Structures are given as C-alpha cells and as structure tokens.
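# Structural description and commentary
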Amino acid sequence: MIQPASPDLISVNIDGKEIAVPKGTNVIEAAHRVGTDVPHYCYHPKLSVVGNCRMCLVETGMPALDPATKAPIMDPVTGKQRINWSPRPAIGCATSVMPGLHVRTTTPMVKDCREGVMEFLLINHPLDCPICDQAGECKLQEQAAGYGRGYSRFIEQKNVKPKRTQLGPRVTLDDERCILCSRCIRFCKEVAKDDVLGFIDRGSYSTLTCFPGRKLENNYSLNTVDICPVGALTSTDFRFKMRVWFLKQTNSIDTESSVGANTVVWSREGTVYRVTPRQNDAVNDTWMSDSGRALFKEIRSEGRLDTVRVNGAQSPIEFAAGTAAGLLAKGGVAVVGSGRSSVEEQYLTGRLAKALGAGAWLVSRAGQGDGLLISADGNPNVRGALVTGLVSALPSARLDELAARIDSGSVRTVVSIGEDLLAAGLSQAQLAKVAVVYLGTHTNPTASAAKVVIPTLTVFEKSGTFVNQQFRIQKFAKAVPGVAGAADDLAALAALLSAVGAPSVAPDLASVWASIARDVPSLATMAYDNIPDTGLLLDSTPWSGLPFAEGASLHFKPAPKEAPARG
Amino acid sequence: MAAPEQFRLIFRHIDEPGYSNDLACYVRNGGYEVLKKAVLRKPEELIDEVKKSGLRGRGGAGFSCGFKWTLVDRKSGKPIYLVVNADESEPGTFKDRYIVHRDPHQLIEGIMITCFANKVERAYIYIRGEFPEGARILEKAIAEARAANFAGPNILGTGYGCEIYVHRGAGAYICGEETGLIESLEGKRPYPRIKPPYFPAVLGLYQCPTIVNNVETLCHVKHIVERGGDAYSKIGTPNNTGTRIFCVSGHVQRPGYYEFEVGKLTMGQLLNDVCGGPLAGRKFKAVIPGGSSAKVLKFGERYKGKRKVGAEMVDYDWGVEDIPMDFDSMAMIGSMGGSGGVIVMDDSVNMVEALANINAFYSHESCGQCTPCREGSLWMKKITSRMVHGDARAEDGALLKSVADQIAGRTICAFGEACAWPTQSFVTKFGDEFKAYPQAKKQPRPDGVPDLI
C-alpha cells in the first residue's frame, strides 16, 4: 500500500488503483479521481446524502487480519494481503473512505446491481425521450445506455401520474418521468431554505408535489431543473423550445449583482435560449438565481438601441464620434461610467476621462441582498472601476456633486455609459443644460435627451471581465453576435478616444489588455486569455478600508468593520 | 413425541378468567413488584442481567437485546430515548396486540425497568394506527401507573423520573422498521435511514442515542429482572433463551396464540399436537414460519446439514415437522423465526394465488424511498395479479424470481428482503405450480376453495 503523503489523506484501492484522498471523501468522489465512473442519480456533491437511488452500489472489502493475532493474512497466490469482500454491495455515496478500503466497480455483482436498478427505474418511466426536453442531457438516458440491459421484460401497465403540474411560475413537473431521487426536495430545504417540495402517496405511486397552499416560487427554483437527473422538472420558459444538442455553450457571468455567479449561455444561430449555472466552488457552487437566468431576454427586449443617432437623426458612427469629439473638445466634460461595464470598458472610459481632464463618477445600485447569490450591490463590477482607477471612491446612488457642477456651469457635456442621469438624481432642468453623449444598450430618458447616442452591446454579445465582491476577476465570452446597428463597446470607446485626439488603442481584447497590463499595476501580469474559467483573486488590500455594501452570502463574508480606536 | 406443555410467561394472564387490564388487577397479581426492587439496584446490574439472559429481540430480526443496549452511545451527553415498537404489522402476527389489550401494565413495567437500566427519561410507545383501542388502553394504563407513581417524575420516591408517551402511527407497515419509525415519530415520512451513519444507538430519535425494542421483548425484560439473567437463560435452549409466542393462523384445527420455551417444540408438534392438525380431509402443503416475509417451508422437503449441539457438530436431516421452533434452526434451514407468525397453508391453496396476496401487501406497503423495493415490489405484484386475473405465462415464475433477486440485499432497509423472500422462496419451492398455472387456471376451482376477487 502506498503510504499517504499527508496524515489527512487516506489510501484506498479502487479497481486495483491506489489513491490517497482526503478523509471524509466518499467512494463516488474517490473513484472519480482515478477516472472511474460510479453512476448515480440521487447523490449530488452539494446536497446531503440520502442513498435512495441505489445506482452507485459497489463491492467493498477490507484487508484480512487474523482475528487472534491481528496479523495480515496473505494470499499465497498473489503474495498480497487477502481482501475480505463484503457479500452485500454498498452504496458509494454513503461509504466514506477508510484506510485500506478496497472497492470493485466492474464485477458481475456490481454489473447486475446496476442493470437491476436501471430496469426498475425504467419500468414505470414513460420513455418519451423523443418529446422530452431532457433528452441529450438526461442521466437516465446516459446510464441506461451505459449500464442497462438494453431490453425490457416489463409487459404490465405503467403507472399513471400527473403529466404537467405547474409547481410554480417557472417550473413544470412531469411526475411520470420522476425517479424520486429527492434532489429537488433537498435543494429547496438545504440551499434555498424554502422547504416547499415533498412526496405524497407511497411505493411506486409516490408523487412529487408542493406542500398544500405553497408554490415553488423562490428565486432559486430553476436550480431544481438543473439538478433533476431526468426530464421531470423542466423550465417552463425553455420547455419545448430547442434540443440541447443544437445549442452552443458559452461561459459567462451573471451581471445582476456583485456575486458574479458563473454561468453558461446556451445559444443557437444568434439566439440565446437559456442560461444555466456553471460550477465554481469558490463563488456559486452549482447554483444561480432565477432572475439572473432571465437577463438574456434584454437582448431582444423593447427599447433596445440599434441605431447611431446624432441629434435624433440616424448617422454613421464616424460622424457620431466626430460630433461627440466636437462637444468634448469644448471642455467642461464629466464622465458617468458604469459599474455594469467590463473591466476593459472601464479602463478605456478612465482613459477618456483622463484625456479630457474630466471628473468620473459611477452610479451605485445598492439594494437588498438575499444572503445567497444576490448581493446588496446590484452592480457587477464596481471593484473593476476601483482596480482600473476609473474611480477611487465607492459610488453613491445620487450624482449630487455632478448636479452642482452642472448648476455652476462648470460641466457642460456629460458622457454617460448606459446610465440614466435622471434616475441618478439629476433634474430635467439640469439634464437640459448639458449636452449628453450616451453609450448604452437600452433607451431611457437620458438617451432620448442625448445629442449623440451610440448603441452598444449586452454582456451576451461581447467578451470581457468583471471583478466580483471577492475581488475575483472573472471573464465572460461573447455568446451571440451583437444586434445589427450596435457598436462594440470597446470600439465605440476607442473611436471616442481617437476622435478627441488621445492616444487610442486597437479595440480588441488582446490590445486593450496589453495596455491594461502596462497601466494598471495590479493587473500587470494578466491577459484575458490567461484568466482561468473560475477566475483569479486580486489583492484587495488597497481598498480594504472602503465601506462596501455587501453583506454575507454564499462563499463570501464581508471584511470586518474597522474596530473603533480605543480612547 | 408429544408436545411439551405451554410455558406461559408473557401470556400468563391472557385469557385468565377475571383478569382485567387495569392497574388494580395487575397489582393484585404481583404487578410492579419487580420494578420496586429494580429501582433499588444499580442500572448497570440490570443491563448485565439482560445480557446474561441471552434475550433476543422478538420483533423479527432476533438481535441480541443486551448487545443492542451496549451499543448505545452513553458518552455523547445527549439524552437517551427508548422507543417501544408496537407497530405490529407483519401479516400473521398478533402477539403484541394481546399484550397491549390484555396486560398493558406488564409492558409498562418492562418499559420502566428498561428505562431505569438505561437511564432513559423519555419513552415513546409507537403503536400502529390500526390499534386505536390499544392506544386508548395504553393511555389509560400510563395514567394509572403515573398516578400510582410507577411512571412519571420521581418514581417510587427514587428521584428518578421517566415519562411514557403513546404515539399512534397512521397505518404504514414501514413504521415497524426502526429508523422509519423514528422518522415517523419525528413527524416526517417514515423513510428508513441509511445505516451507516444513522444507527439508532448513536443517531436515533432527534439525532440522540435511542433504543428501539419490541413490545414482547420489553415484557421479557421484566421477567429477566424478576428471575435473574442466569435463571432466565435456562428457559429455552442455549442461544435461544426464554419463551416464544407463536401466532398460528391458516389451515389448522385450532389457530391461535401459544407460548412455548424457545426451541423445545418442533413445527410438527406445534401444528399437529397443539393446533390439532390439518382441517378434515386436507393435508399440509406449506408453512411460513415467522411472519409473511419469512421464506416459506414446503412439506415433504428435507433439510440436511451439520449443526452444533453443545460442543459437537452433528448431522441433521429434518422434514418441516422436525424443525425446532427457534431462531437458529429456522435461520439454518434458510428461513427465519421472525415475528413468530406461523401461517399454514394446506393443499387447497394455490401458491400462485397465495403469493399474489402477499405481493399485493408488500407493494402497497413499500415506502417508495429506494428504487429496487419501490419498483420491484409493485412489478412483482403486477405480475402475480396478472397471472391470477389475466394472462398467465409459463415464464412468469422465472421472471418473478429474477425480479426478486434484484431487490434483496440492495435496499436501504430490510423491507427489500421482506418483499423479495416470499417470491424467491415460493418460486423456488413451488416452481412447477407457477409453470402449470396457465393450465391450472382453466380448471374448475376445487371444492371449498373461495373464488378469487
């Protein structure tokens, strides 16, 4: 036996392969590390273990010891210590590793167990894969192909259960497909802390349902759809829309708050169909909010800007940039950047402000966090603006200082990066006193009043990075092409920079990052391509004194407030 | 050889004319004297008596009671609970009901001694939902015992207190499984827990160490403490001590409950001498020895092997009639003593139809938590009811056996075995009858055999 390298590691043997794993690891996870698949349904690494599906049955054994002397009993044939194999199979999910544990996953007994469980799971399953949304990402389908017998001996009537129960506003349940693994029940209870699901009736007639008078309507309800190993729980929005194997997957980030949940955007031919969470154990585990999944609807929503306009008239972007440059050249400029812009955009916005000698502000989106995956800061990237030096203080909800400068006449032109200045506390009169250059995705009163409007892209249509509440820089990638008529944010900002005669930069990520690496010391060693999919933690000490809005949430604890000095 | 006399220990007063289930009658007959003496002894001594007695659990598994008590985690600092399993639901078993109905104070005395011995301050009697009368009787008996200071705070002036609560089930067989029972008692669906880690002795009721004992087992505790563990262990046979109540039902002249020393009586003596043999003109065909989940025994079968008598191994060659009615012999021949429910079937019974009945029960009672039992039990029921009421196929027997083989040993609790063993044993032992059933169905039903409904 290989001695474990560290005292906290335990050596186990899986199908003849020795591996040292941390104490408390179960057999499924240990087997995964040696590349052995132990099929399972009910087990989920982020939920409690119930052991009800019985798919992960494996053979276990311990090295034989002489009962009297406790000396190892050797096998004369192999020369190794004999293994006492248990006559009963054990479930991998609830079997924790112990020193010397031996596991076999390929024996006839294990094969027979898996074939038996697969057959049982399928006898009352409707086998309606051709019309099932889960097809293509269905554990039942995959494991039936991988571990089932491939034929059925069942000639009786299948059980009949409700086919389309609306568990809540976003989740539809097909009870006949349900294999009663209870993942969804455990998720609601343990993660969402909204215990609304349960089984009624018993035996094979057991049926998943909501408690009387309750609905599955918490903001995390769609996670039950993600973890459902079969097609029982489906997203009411995505149901019957598209086959998953046609969809392209693009890594992205949830922009609804500074948590920065990692996501996957599923798209086809320029259309986004759904957004699902992507596992990041340091940020969002395998979860995300329902509200974050609906954000892709903004791509095609009412009010999307798709025309470059100068004084209300459609115009080419070069002309718009020139007009803007004319306004900016007069001086008295203020820049209202955005906590929703990417790090790259904030960097270029900062360069623009610097070139113009203009003051720069952000608008805060402080609100209520839910303690889980939505923080109290509705801006996904305030920390990016701090890191790139666009601003040095936390934003406030109202632009009172800017308002005062407008009133005094010292600010006569405002560049707004998607922010509505009225919503940020300016009055109609103040807005009317300034010329606005607006870069944004959607219309609002500021855009309507702007002299120059350059439509830009949503997070789904471009690539970039955000810095979340942990000061973790995370990247997102372009899932779909931008709407016709919209300009890439970096290109628009670069055009403005060159129009005002400042040193510009080629509007591609690599070039912008080359500049960032040169100008921003804390990002000096980075490039977009080098940032791992799960992000990189930045040094947050320069900003540790700032009173950030976030409270505790999953995997995040705010820095302790400075203790008052003893006096 | 004639059958020995009944040895009525637990059922001593059952059927006794004039014996009622109130406290006065119990005390008149020497009741609570054992408790009075027990509370003056050290708890550890009482546990030792039970260990010495060799008492094995009477609920079905026959697990050593004293050993179960030693497994209890006494160092955790958490309270220890006693849960009395009165969820007597195994078809063919009706012993606990008589104890509860006719002699509830015997149970309460056993509970109080057990609680005192294990430093338990709260005991729950989980009684099956179908026993409303039993629950009322227990409530009344507990109130009487409390009023007389045999239960409740400061028992008999010792400073030790223990409350007993009655909890009624809602009609589910699975609540007889100890961890399912605990879940139910906690107010949840009675899904049995996975073991490890949820052994009741460590993580039982409310995640505290818990002792779960059957009603009859706890009554034995009283008699063990009364007689002393060593004296009690002389009743019965080695490793199968004490007495056993047999609940005989089915095709015998005198069905009913009979209490004998464990192992001193054979199946043949029980059925022929005690119960008066088969009904007129019939012959015994099969018997289920320990509640409907035990494997069936076929008359005419021979059971051969070696067994330990004293220190020696001796050959045995038994027919069904020769099998001693004890835990070890029943296990040796491939069945189990179980709950003591002896179900007798004579030659009027078609085994396919009998199995259809058993399968209907188990498919209805499967809790539905884990896959093999949930799906397998209903599938077996669908097969047997199709055989009986629809188209039977010659290959159905083999299919049934194969389905049952996919259940046993692969489930969270012992229900998997309970629902698989009848099918496995019926098909193995009466396979010809399953093969011939398609033809047998077409024949007119034998005289005296009820129509199928």
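Residues numbered from 1 in each chain as written. Chains lettered and ligands numbered in written order. Predicted model: local features only at pLDDT ≥ 70, side-chain atom pairs only at ≥ 80, totals over all residues.

### Section: the overall build of chain B
Cut-off, in case you're wondering: Starting at the N terminus, helices and strands are each numbered in turn, a helix being any DSSP run of H or I of at least four residues and a strand any DSSP run of E of at least two. To get the radius of gyration, use the C-alpha atoms; to get the globule rule, take the number of residues to the power 0.38 and multiply by 2.2 Å. Counting other C-beta atoms within 10 Å of a residue's own tells you its class, since 20 or more makes it buried, 12 or fewer makes it exposed, and anything in between is partly exposed; those C-beta atoms are placed from the backbone. Residue pairs are scored as contacts if the distance between their C-beta atoms, which are placed from the backbone, is within 7 Å.
A tally of regular secondary structure across chain B gives 18 helices and 13 strands. Rg of the C-alpha trace for chain B: 22 Å, near the compact-globule value of 22 Å for 453 residues, within the 12% margin. Structurally, chain B occupies a C-alpha span of about 70 × 50 × 45 Å along its principal axes. Within chain B, the fraction of its 453 residues that count as buried is 57%. In chain B, once contacts between residues fewer than 6 apart in sequence are set aside, the share between residues at least 24 apart is 72%.

### A look at the overall build of chain A
If you tally the helices and strands in chain A, you get 14 helices and 24 strands. Its C-alpha atoms put chain A at 95 × 60 × 50 Å along the principal axes. In chain A, which comprises 567 residues, the share counted as buried stands at 48%. Intrachain contacts of chain A at a sequence separation of at least 6 include 65% that bridge at least 24 residues.

### Focus: the packing of helix α7 (residues 317-329) of chain A against helix α13 (residues 489-499) of chain A
Residue and element names in this part refer to chain A. Our working rule: Throughout, an axis means a line fitted to C-alpha atoms (over the contacting stretch in the case of helices), and angles, computed between N-to-C directions, take values from 0 to 180 degrees. Orientation labels follow simple angle bins: below 35 degrees gives roughly parallel, above 145 gives roughly antiparallel, 65 to 115 gives roughly perpendicular, and whatever is left gives oblique. Helix crossings are classified by the rotation of the near helix relative to the far one: an anticlockwise turn of less than a right angle makes the crossing left-handed, while a clockwise turn makes it right-handed. Side-chain classes are defined by residue name, with Ala, Val, Leu, Ile, Met, Phe, Trp, Tyr, Cys and Pro counting as nonpolar, Asp, Glu, Lys and Arg as charged, and the others, Gly among them, as polar.
The N-to-C vectors of α7 and α13 enclose an angle of 50°; their axes lie 9 Å apart at closest approach. Relative to α13, the element α7 is oriented oblique. Of the two possible hands of crossing, α7 and α13 adopt the one that is right-handed. Residue-level contacts link I317, A321, G322, A324 and A325 of α7 to A495, L496 and A499 of α13. Residues belonging to the contact of α7 with α13 are distributed by class as follows: 7 nonpolar, 1 polar and no charged.

### Brief notes about the environment of A:V459
All names here are of chain A. With respect to the helices and strands, V459 occurs in the loop between β21 (452-455) and β22 (464-467). Under the C-beta neighbour-count criterion, V459 is labelled buried, with 27 such atoms within 10 Å. Put simply, V459 and G136 are 323 residues apart on the chain and 27 Å apart in space, counted from C-alpha to C-alpha. Once residues lying within four places of it in the same chain are set aside, the contact partners of V459 are S252, T255 and F476.

### Description of the nonpolar core
We apply this condition: Note on terminology: a nonpolar core is a set of buried residues of type Ala, Val, Leu, Ile, Met, Phe, Trp, Tyr or Cys, with members joined through C-beta atoms within 7 Å.
Residues B:V83, B:V84 and B:V287 are the most contacted members of the largest nonpolar core, which totals 202 residues. Those residues in contact with B:V84 that sit more than four places away from it in its chain are B:I111, B:A123, B:Y124, B:I125, B:Y126, B:N213, B:V215 and B:L218. A:I253, A:V275, A:V411 and A:F466 belong to the second largest nonpolar core, which has 85 residues in total.

### A look at unusual backbone geometry
All names here are of chain B. Residues K195 and P196 are joined by a peptide bond in cis, for which omega reads 0°. Of note, P196 is situated in the loop between α8 (178-185) and α9 (200-203). The step from P196 to P197 runs through a cis peptide bond, and the omega angle for that step is 5°. If you check the backbone angles, K119 has positive phi at about 55° while not being a glycine. By secondary structure assignment, the location of K119 is in the loop between α6 (104-118) and β2 (122-127). Positive phi, normally seen in glycine, also occurs at Q207, with a value near 60°. When you line up the elements, Q207 lands in the loop between α9 and β4 (210-214).

### A short note on the sheet that holds strand β11 (residues 233-235) of chain A
Strand pairs in the sheet, formed through backbone hydrogen bonds, run parallel or antiparallel to each other. All names here are of chain A. Our working definition: Any two strands between which DSSP finds at least two bridges are classified as paired.
In space, the 3 strands of this open sheet follow the order β7-β8-β11, with antiparallel pairing throughout. On the outer flanks of this sheet lie β7 (165-166) and β11, each paired with one strand and no other. The pairing of strand β8 (residues 171-173) with β11 spans 3 bridges and is classified as antiparallel. Bridge pairing in β11 links T172 to T234.

### Thoughts on the domain arrangement of chain A
Accessible area lost upon the coming together of the parts serves often as the stated size of an interface. All names here are of chain A. Applied cut-off: Domain start and end points were adopted from an automatic or database domain assignment.
Considered domain by domain, chain A is made up of domain 1 (9-106), domain 2 (123-241) and domain 3 (309-462 + 482-525). Relative to domain 2, the C-alpha centre of domain 1 lies at a distance of 30 Å. Listed per partner, the contact involves 10 residues of domain 1 and 13 residues of domain 2.

### Side note on the confidence of the model for chain B
Formally: Residue-level confidence of the predictor is summarised by pLDDT, bounded by 0 at the bottom and 100 at the top.
Mean pLDDT for chain B: 95, with 100% of residues reaching 70 or above. In the model output, the complex is listed with pTM 0.94 alongside ipTM 0.95.

### As for the pairing of strand β10 (residues 207-210) of chain A
Residue and element names in this part refer to chain A. Of the pairings in the sheet, the one linking strand β9 (residues 197-200) to β10 comprises 4 bridges and is antiparallel in character. Paired with I200 across the two strands is T207, which belongs to β10. Hairpin connection from β9 to β10: 6 residues lie between these consecutive antiparallel strands, with D201 at a positive phi of about 60°.

### Considerations on the pairing of strand β12 (residues 312-318) of chain B
Residue and element names in this part refer to chain B. Of the pairings in the sheet, the one linking strand β11 (residues 303-309) to β12 comprises 7 bridges and is antiparallel in character. Within the sheet, the bridge partner assigned to R307 lies in β12 and is V314. Between β11 and β12, which pair antiparallel in sequence order, lie 2 residues; one of them, G310, sits at a positive phi of approximately 60°.

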